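Structural description and commentary
Letter by letter, the chains look like this.
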There are 2 protein chains.
Amino acid sequence: MDSIKTPFGNVQNALGGSAMYASLAANFFTRPAICSIIGKDFPKEHMQMLKSKGINCDAVTVAEKTFRWSGMYEYDMNEAKTLKTELNALMEFNPKIPASLTKTPNVFLGNLDPTIQVSIVEQMDNPQKVMIDTMNFWISSKKQDLKKAISKADILVLNEGEARMLFETSNLVQAAKSAEKLGPKTVIIKKGENGSILFHNDEFFAAPGYPLEDVRDPTGCGDCFGGGFLGYLASHQNGMENFRRAVVHGSIIASFNAEGMASERLVKLTREDIEKRFGNYKKLVQF
Amino acid sequence: MDSIKTPFGNVQNALGGSAMYASLAANFFTRPAICSIIGKDFPKEHMQMLKSKGINCDAVTVAEKTFRWSGMYEYDMNEAKTLKTELNALMEFNPKIPASLTKTPNVFLGNLDPTIQVSIVEQMDNPQKVMIDTMNFWISSKKQDLKKAISKADILVLNEGEARMLFETSNLVQAAKSAEKLGPKTVIIKKGENGSILFHNDEFFAAPGYPLEDVRDPTGCGDCFGGGFLGYLASHQNGMENFRRAVVHGSIIASFNAEGMASERLVKLTREDIEKRFGNYKKLVQF
C-alpha cells in the first residue's frame, strides 16, 4: 500500500507494489502468477481485481499487516523521496512456490532482498528466462548476495543510477559489459523519462521515453516496464527483433502508468490503448 | 581558446568556440561561413585549417586577445564547471555581415548575448531559416531580450535544463509548446547523452544518444549538433523526413566529437565515419 504525493496529486493507501505493477503489465501478453505477501488489512477488492483479470494469486500469502511505503516527488520527478517505510509482512516473507507454479517458464524477480530472490530461483524447475531487478539499498547493504543473485539471471534490469553505482563507472556501455560478466546475457538500463537501452550479444537497442505532456506519478513505472517486457517475451519467440519490441511494449505501458497516480491508470489500461500508442511510438522514432 | 580537464584528459589553449564546432559540423553538408571575432594571439594554423576545409572566414574580425574559457567535468559529464572566463575580444564584438554574406539562406545564431543575435538577424536579407541557441546565463540576465531574439527564429535549440528554466516547467512537451508560442515553428531540446527531441507542427521526433563506450570530453557537442542539423537541412528539401534525418546527423557528429578532447576528433572526422555510424544508428533504434 502506497501513499504518494507529487506536484500533481496525492493518494493515501493506494494499491502499490512491484508484483502488482509488473503482473498487470505482463497480463496484456501472458497469464502471470504473483508470489508475494500481504496483510489482513489488504483490501479484498484489490485481490478480486487481480483475480478477475486472470492473474494467478496462489502464491500470495497473508500475514498480519501489509507493507506500506510513503514517498513524494519534487518537480523533477526522476527520483522519489521516501518519507516512511513500514516493512510489516515483508519482514516475515519466506516465499514458497507451490508445486503448480514451479514450472513457470519466465520468472521476474522484482526488487527485494537478493537472498530471497535467490531462494525463489532455486525453487523453480529449470526456467527458460529469469529476469532480476534491484535497487540502491541492496547495492550498498548486500552487494555480494546481489552479485550472486544476478549471476543466476538471464536478464538484468536496473536504472542508470544503480548501474553506475553497482559497476563503479559513469559509462553505461561499460556498466553493461561488467554486468554481462556476472552472467546475464541481456542487460537493460532504464533511464526514466529518457527511455532505456538494451544490451544483448554486442548489439544495442535504444528506446527513447514516450514524450508525455502530463506526468502525474512515476511510481511503479520500472515494474510496469519489466513486467511488460518479460510478458511480451513470454508470448513471442526468442530473437533480437522480439527483444526490441518487448522493450517498446514495456516502455509504452510504463508511459501510461506515469499519467495517473499510483496504479489508477494502469488498472484501466486496455490492449487497444497500447496498440494505438505503439503506432505513435513508431512514428516518434522513425527516420 | 579552451582549456579543459575531464577525468579522461586535459588540454590547454585548444581550439574551441561555438562557431568553429558548428561550422566544421555543417561543412559535411554545405559551405558555411563564420561570423565571429578572434584576437591577434589566435594561432594562424587554426584559421588555415578552417579555410582549407572550405569554410568562409570573411566575417571573422581580429581584436587584441582571443576569448578564453577554462572548465572541467566530473565523472558525470553532463555539466561543465567553469573555472575561468576571459571575454577579451567578445567584449567588443559588434558583428557586421559583409554584403557578400547577407543573402546566406540559413543562419545559426550560436549562444551569445541575445542583443547581438538580434543584430545579426537584422543584417540578413530575408533568410529562409534562422536557428537560435542560448544558455542559462542569458535566461537569468536578459530574459526579455532573449525572448525577442527567439521570436525572430524559425528553430529554437536548447538543452533540457535551459528549456525548463526559460519556460518554468519541468515538462519538456509543455516547454516546447511555450517555445512555439514565441515564434519558432520547430523546437529541439537537447538532452546530452540521452539524445534529443524535436517538436514540429504537433509532431515529435525522439533521437536517443548514440551509446559510447569512451566519452572523453563533451565540450562543443551541442554546437556540433546544431551545425550538423542546420547544415543537413541546408542541403536537403524541407519536410519532416529531413528534419528527422538532420537530427540524426547532428547527433552522430556530436557523438564523435565527445570521443576526443576539445575539437581533436571533429577536425579529423570524415563523411565515411558519419555514414558508417548512421548505419549503426539505424540498427540501434529499429524495431
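Residues numbered from 1 in each chain as written. Chains lettered and ligands numbered in written order. Predicted model: local features only at pLDDT ≥ 70, side-chain atom pairs only at ≥ 80, totals over all residues. Heavy atoms only, no water.

**Quick notes on the overall build of chain A**
The criterion, for reference: Runs of E in the DSSP output that reach at least two residues are strands. Runs of H or I that reach at least four are helices, and both are numbered from the N terminus. Both definitions apply: the radius of gyration is a C-alpha atom measure, and the globule rule equals 2.2 Å times residues to the power 0.38. Throughout this description, buried means an accessible area under 20% of the type-specific maximum (1.4 Å probe, protein chains only), exposed means over 50%, and partly exposed covers the range between. His is not counted, nor are the chain ends; Lys and Arg add positive charge and Asp and Glu add negative charge. Charge positions are represented by NZ for Lys, CZ for Arg, CG for Asp and CD for Glu.
Looking only at helices and strands, chain A features 11 helices and 12 strands. Whereas a compact globule of 287 residues would reach a radius of gyration of roughly 19 Å, chain A reaches 18 Å, a difference of no more than 12%. Along the three orthogonal principal directions, the C-alpha set of chain A runs to about 50 × 40 × 35 Å. Scored against the burial criterion, the 287 residues of chain A give a buried share of 55%. The averaged location of the 33 negative side-chain charges in chain A is 3 Å from the averaged location of its 34 positive side-chain charges.

**What about the relation of the copies chain B and chain A?**
Quick note on the threshold: Only residues with pLDDT of at least 70 in both copies count here: their C-alpha atoms drive the least-squares fit that superposes the copies. Contact definition: two residues touch when any of their heavy atoms are within 4.5 Å.
Mapping chain B onto chain A calls for a rotation angle of 180° and an axial translation of 0.0 Å; the resulting RMSD is 0.0 Å. In symmetry terms, the pair is related by a two-fold rotation axis. Mapped onto chain A, 97% of the interface residues of chain B are again interface residues, and the two copies thus contact each other with one and the same surface.

**A look at unusual backbone geometry**
Most of the time, phi is negative for any residue but glycine, and the peptide bond is trans. The residue Ala262(A) is not glycine, and still its phi comes out positive at about 45°. Looking at where Ala262(A) falls in the secondary structure, it is placed in the loop between helix 9 (240-257) and helix 10 (264-268). Positive phi outside glycine occurs at Asn88(B), with the angle close to 45°. For Asn88(B), the location among the structural elements is in the loop between strand 6 (81-86) and strand 7 (106-109).

**Some remarks on the side chain of Arg277(B)**
Residues and elements named next belong to chain B. Rules: Any pair of N or O atoms that falls within 3.5 Å is considered a polar contact. Within protein, one atom must be able to donate a hydrogen and the other to accept it, and sequence-neighbouring residues count only if both atoms are side-chain atoms.
As for its placement among the helices and strands, Arg277 is situated in helix 11 (residues 271-285). Owing to a relative accessible area of 11%, Arg277 belongs among the buried residues under this scheme. A polar contact is formed between the side chain of Arg277 and the side chain of Glu259, at a distance of 3.2 Å. Aside from chain neighbours lying at most four places away, what touches Arg277 is Tyr210, Leu212, Ile252, Ser255, Phe256 and Glu259.

**Observations regarding the interface of chain B and chain A**
Size of an interface: often given as the accessible area lost when the parts come together. Our working rule: By buried area we mean how much accessible surface two parts lose on assembly, using a 1.4 Å probe and totalling the loss over both. Basic side-chain nitrogens of Lys or Arg form a salt bridge, by our definition, when they fall within 4 Å of a carboxyl oxygen of Asp or Glu.
Across the contact, 33 residues belong to chain B and 32 residues belong to chain A. Taking both sides of the interface into account, the surface hidden between chain B and chain A amounts to around 3,000 Å²; carbon and sulfur atoms contribute 54%. It is Asn194(B), Glu213(B) and Phe287(B) in chain B that bury the most area against chain A; as a group they hold 26% of the surface buried on that side. Here chain B is connected to chain A by 4 salt bridges. At the level of secondary structure, the elements contributing two or more residues to the side of chain B that touches chain A comprise helix 6 (160-167), helix 7 (172-182), strand 12 (203-207), helix 9 (240-257) and helix 11 of chain B. Here the side of chain B that touches chain A gets 6 residues from one element, more than from any other, and that element is helix 11 of chain B.

**A closer look at the sheet that holds strand 12 of chain B**
Residue and element names in this part refer to chain B. Heads up, the condition is: Paired strands are those between which DSSP finds at least two bridges. Lines fitted to C-alpha atoms define the axes, with helix axes restricted to the stretch in contact, and inter-axis angles between N-to-C directions lie between 0 and 180 degrees.
Taken in spatial order, the 6 strands of this open sheet run 7-8-9-10-11-12, and their pairing is mixed. Looking at the sheet topology across the chains shown, the edges are occupied by strand 7 and strand 12. Each strand axis lies, on average, 15° off the axis of its neighbour in the sheet, ignoring direction. Relative to strand 12, strand 11 (residues 196-200) runs antiparallel, the two sharing 5 bridges. Residue pairing for strand 12: Ser196 is matched across the bridge by Ala207. Sheet contacts for helix 7: strand 9 (155-159), strand 10 (186-190), strand 11 and strand 12; angle to strand 11, the most-contacted strand, approximately 45°.

**Notes on the confidence of the model for chain A**
Counted only if it meets this: A score between 0 and 100, pLDDT records how confident the predictor is in each residue.
Overall, the predicted model of chain A reaches an average pLDDT of 96, with 100% of residues at or above 70. For this predicted complex, the interface confidence score (ipTM) comes to 0.90, while the overall pTM stands at 0.94.

**Remarks on the pairing of strand 11 of chain B**
Residues and elements named next belong to chain B. With 5 of 5 residues buried, strand 11 is to be regarded as a mostly interior element. Two strands pair when backbone bridges link them, and strand 10 and strand 11 are joined in this way by 5 bridges, in the antiparallel orientation. From the neighbouring strand, Lys190 faces strand 11, where its bridge partner is Ser196. From the end of strand 10 to the start of strand 11, which pair antiparallel, there are 5 residues, and Gly192 there has a positive phi angle of about 60°. Between the end of strand 11 and the start of strand 12, which pair antiparallel, lie 2 residues, with Asn201 showing a positive phi angle near 50°.

**Points about helix 1 (residues 18-26) of chain B**
Residue and element names in this part refer to chain B. The buried count for helix 1 comes to 7 of 9 residues, which makes it a mostly enclosed element. Taken as a whole, helix 1 has its buried residues at Met20, Tyr21, Ala22, Ser23, Leu24, Ala25 and Ala26. Those residues of helix 1 that are buried lie in contact with strand 3 (33-39), helix 2 (44-52), strand 7, helix 8 (221-234), helix 9 and helix 10 (264-268).

**A look at the pattern of salt bridges**
Residues and elements named next belong to chain A. The full count for this structure, using the stated rule, is 36 salt bridges over all chains. Notably, a salt bridge pairs Arg164 with Glu160, separated by 3.1 Å at the nearest N-O pair. Of this pair, Arg164 and Glu160 are both found in helix 6 (residues 160-167), 4 residues apart, which corresponds to roughly one turn of the helix. Given a relative accessible area of 17%, Glu160 falls into the buried group. Note that Asp273 and Arg265 form a salt bridge whose closest N and O atoms lie 3.4 Å from each other.

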